[in-house]
Amino acid sequence: MQPPAFTAAPAYQALLSHYDQAQHWSMRDLFAQEPTRFSRYSLEAAGLFLDYSKNRFTQTTLDLLLQLAREREVEAQRDAMFSGAKINLTESRAVLHTALRAPSSMRMLLDGEDIGGAVHATLAQMQAFSDQVRSGAWLGATGQAITDVVNIGIGGSDLGPAMVCGALRPYAHARLQMHFVANVDGHDLAAVLARVKPATTLFIIASKSFTTPETMLNAHAARRWFLQTCSKADLARHFVAASTNATAVADFGIDTANMFPFWDWVGGRYSVWSAIGLPVMLAIGSEQFGYFLAGAHAMDRHFCSAPLDQNMPVLLALMGIWYRNFFASASHVIAPYHQDMMRFPAYLQQLDMESNGKSVTSDGRSTMSATGPVIWGEVGTNAQHAYFQHLHQGSDLIPVDFIAALRPSHTLTTHQNMLLANCFAQSEALMHGKNLAQASAECRAKGMDAAHSAALAPHKVFAGNRPSNTLLLPALTPATLGALIALYEHKVFVQGAVWGINSFDQWGVELGKELAHSILTELNGAPRTDKHDASTNGLIARALAARQ
Ligand code: G6Q
C-alpha cells in the first residue's frame, strides 16, 4: 500500500515550520558554532568520501529529514526493489540492475527463480568475446584484427558506455578506438564512418528494444556502408548486438550467437552493468570490468545495510530534498573536477531527470510538490570560467556536487594541486561569500578613492551561504567509478521513494516520438494534413519548400 502523500507526512509539515527559521541561518555561523561539523557531517562508503557539512542544516534538520525518509518507508521500498518486487508499476517490471553486479555466490530472485545464472552466463559470453577481440584472435573479414569499435545506440544504450569509456580512458586497450553513434542526425554516423575502415571495425548495435528508430536507421546505414566493400557472410565478424529482442536482432541479420542478452528488469538508464556495457569490457577488459561491477556492488551493500543517518545515498538524497522542496531550488549542478569525467553530468542528467522528472505519484495522483530538479554541469575548472558566475552571484540558490579524485593517472603534480585547490576553493567561496565591508576594504587597499570604491564594491559582493557537497575518490578507477554511479542511482531512488513516484518508467518521452512519426510521413512526401497547429504547419511548409 502506498504511504499517504509526501506533503501530508508529519515530518514534511515539521520541516515546513523548521524552514521558517532555517532559511535565515548562515553556514559560517553553523561552522563557528560547531567546530566538529566536518567530521560529524562526512562519511566514507565503498571507497568514496562525502563531505556534506557545507549545507544549510543542523542536526535538528537532519533528524527531521531522516524522519521524513522513515515516514515515506524508504527502507521498505529499497528492500522491495532489491527483492525483485515489480516496483515499476506502469510497466509491471521488477527493477534489478543491482543483480547485474552481484557476485555469482549471491542468489537474486525474480518470481521465485534465481536470475544469477543468466547474468553470469552473459558476463562469461562477454568475457570470451572481448578477450578474443582484445587479443587480436577475433579476425575481421580480411583476416585483420579489430581496431575500431562503433557502438550504435541512444539514451541508456549510449550514455552509460560512452561516459564510462571516457572516464576509464587510462585503462583502455591501446589498439581499440571506441566510437559512439547515437544521433539520428546523419552528421554523427557520417563523421565516424569517415574515420574507420570496414575490414577492421566492429559494430555493436545496442538497443534493449531493437526498435528505436534512431538506432535502427543508423544500424541499417552502417550495414549498407559495410556491404559496399564486404559480403553478407562477413557480417558475422563485424556486427554484434546487445538487446533483449532476439527476433529483431535475427531479422536485422545478426547471428544470435553474436547477441549479448539482457532482460526487461534492466532499465535503459541503468543498463551499463549489463550487455550494454560491452564497449566498456572491450575497452578495459573483463578483469577491470569486474572491479567496476564490484565497486557498484559495494555501494549496494552499503545502501542496504547502513543506518539511514550514515547512509551516503540517503544523505545525498535528503539534502537534495531539503533544497528542492523547502528552498525551492529548481536545479542542481554536477561539477566533476576530472577531465575524463566530461560526460558524467550528461549521464546523471538522464539518470536523474528521466527517473524523477514526473508530476504524478505511482498511483496516478498529482505529486502536489516539486520533484526532480534540473541536473546540469561541466568539468572543473572549465566550468569556473563559464557558469560559476551565476552560482556565486546569480539570483538562484543552486546546490553543487563537487567531485574530485585525489590521485591522478598522470604525473603532472602541479596541475593536480591547482585542480584540487580550485575545487576546494569553489565550495569555500560559495559558502563564505564576501560582504560589502570586505569588498569595500579590498577596493580601498588597491588604492581606489572612496567614490570609485563605493561604485565598484557592490559588484564584488558574494552573498555566500550557497550549499555544496564534495565527493572525493582516492583515484578514478573502475571500482570507484562503479561505486559513484551506484551512489547516484540510489540517491535518485531514495528521492523518488520519498516523493512517491515511479522512478523507473519514462512516459514523458512518448508524445514527441508519436508526433515525429506523423510529421516524418509528411516530410517524406505523404499528403499534407495541416492537422497541426499553425506554427508546426508553418515549420513543415518551410522545410518542404527548402527542398525545391
Ligand atoms: C532509458 C530510456 C531510454 C532508452 C533509449 C534507447 O532509461 O528508456 O534512454 O535507453 O530510448 O532504447 P533502446 O535501448 O530500446 O534502443
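One structure accompanies this document, and this report is about it.

Each value, and the rule that gives it
- Residues numbered from 1 in each chain as written.
- Predicted model: local features only at pLDDT ≥ 70, side-chain atom pairs only at ≥ 80, totals over all residues.
- Heavy atoms only, no water.
- Helix = DSSP H or I, 4+ residues; strand = E, 2+ residues; numbered from the N terminus.
- Rg over C-alpha atoms; globule rule 2.2 N^0.38 Å.
- Buried < 20%, exposed > 50% of the residue type's maximum accessible area, 1.4 Å probe, protein only.
- Contact = heavy atoms within 4.5 Å.
- Areas by Shrake-Rupley, 256 points an atom, 1.4 Å probe, with all protein chains shown as cover.
- Pairing = 2+ DSSP bridges.
- Axes fitted to C-alpha atoms, helices over the stretch in contact; angles between N-to-C directions.
- Core = buried A, V, L, I, M, F, W, Y, C linked by side-chain atoms within 4.5 Å.
- Near = heavy atom within 4 Å.
- Polar contact = N/O pair within 3.5 Å; in protein donor to acceptor, adjacent residues only side chain to side chain.
- Nonpolar A, V, L, I, M, F, W, Y, C, P; charged D, E, K, R; others polar.

1. As for the overall build of the protein
Each helix and strand counted, the protein has 21 helices and 13 strands in total. Its C-alpha radius of gyration of 26 Å places the protein within 12% of the 24 Å reference for a compact globule of 548 residues. Its C-alpha atoms give the protein principal-axis dimensions of about 80 × 60 × 60 Å. A burial count over the protein gives 52% of its 548 residues as buried. The contacts of the protein with a sequence gap of at least 6 include a subset with a gap of at least 24, amounting to 74%. Accessible surface computed for the protein: about 23,100 Å², of which carbon and sulfur atoms make up 56%.

2. Quick word on the sheet that holds strand 13 (residues 468–475)
Pairing within the open sheet is mixed, and its 6 strands lie in the order 1-2-13-12-10-11. Each edge of the open sheet is held by one strand with a lone partner, namely strand 1 (42–45) and strand 11 (374–377). Neighbouring strand axes in the sheet, compared pairwise and without regard to direction, differ in orientation by 20° on average. Sheet analysis places strand 10 (residues 331–337) next to strand 12 (residues 400–407), joined by 5 bridges and oriented parallel. Looking at strand 12, one finds that Val-333 is bridged to Val-400. Strands in contact with helix 14 (residues 344–356) are strand 10, strand 11 and strand 12; relative to strand 11, the strand with the most contacts, it is inclined by about 175°.

3. Re the nonpolar core
By size, the foremost hydrophobic cluster in this structure holds 117 residues, and its most contacted members are Trp-265, Trp-322, Phe-344, Leu-484 and Tyr-488. When residues of this core are assigned to their parent elements, the largest contribution, 13 residues, is made by helix 19 (residues 478–499). Residue contacts for Trp-322: discarding those within four places in its chain leaves Leu-15, His-18, Tyr-19, Ala-22, Arg-56, Phe-57, Thr-61, Leu-65 and Phe-327. Membership of the second largest hydrophobic core comes to 24 residues, among which are Ile-152, Met-216, Phe-226 and Val-249.

4. Examining the site of the ligand
The full set close to the ligand counts 13 residues, and Ser-157, Ser-207, Lys-208, Ser-209 and Thr-212 are the nearest of them. Gly-156 is positioned with one of its backbone polar atoms (N or O) 2.9 Å from an oxygen atom of the ligand. Interatomic distance of 2.7 Å between a side-chain N/O atom of Gln-350 and an oxygen atom of the ligand. Burial of the ligand by the protein amounts to 85% of the accessible area it has alone, namely 400 Å². In terms of residue class, the shell around the ligand is made up of 1 nonpolar, 9 polar and 3 charged.

5. With respect to the sheet that holds strand 8 (residues 239–243)
A sheet is described by the order of its strands in space; here 5 strands give the open sequence 6-5-7-8-9, paired in parallel fashion. At either end of the open sheet lies a strand with only one pairing partner, and these are strand 6 (177–181) and strand 9 (259–261). Averaged over all neighbouring strand pairs, the angle between strand axes comes to 20°, with direction disregarded. With 4 bridges connecting them, strand 7 (residues 201–206) and strand 8 associate as parallel partners. What sits directly across from Ile-205, in strand 8, is Ala-241. Across the sheet, helix 8 (residues 186–193) lies against strand 5 (148–152), strand 6 and strand 7, angled at about 160° from strand 6, the strand it touches most. Of the strands in this sheet, strand 5, strand 6, strand 7 and strand 8 touch helix 9 (residues 213–227), which is tilted by about 155° from strand 7.

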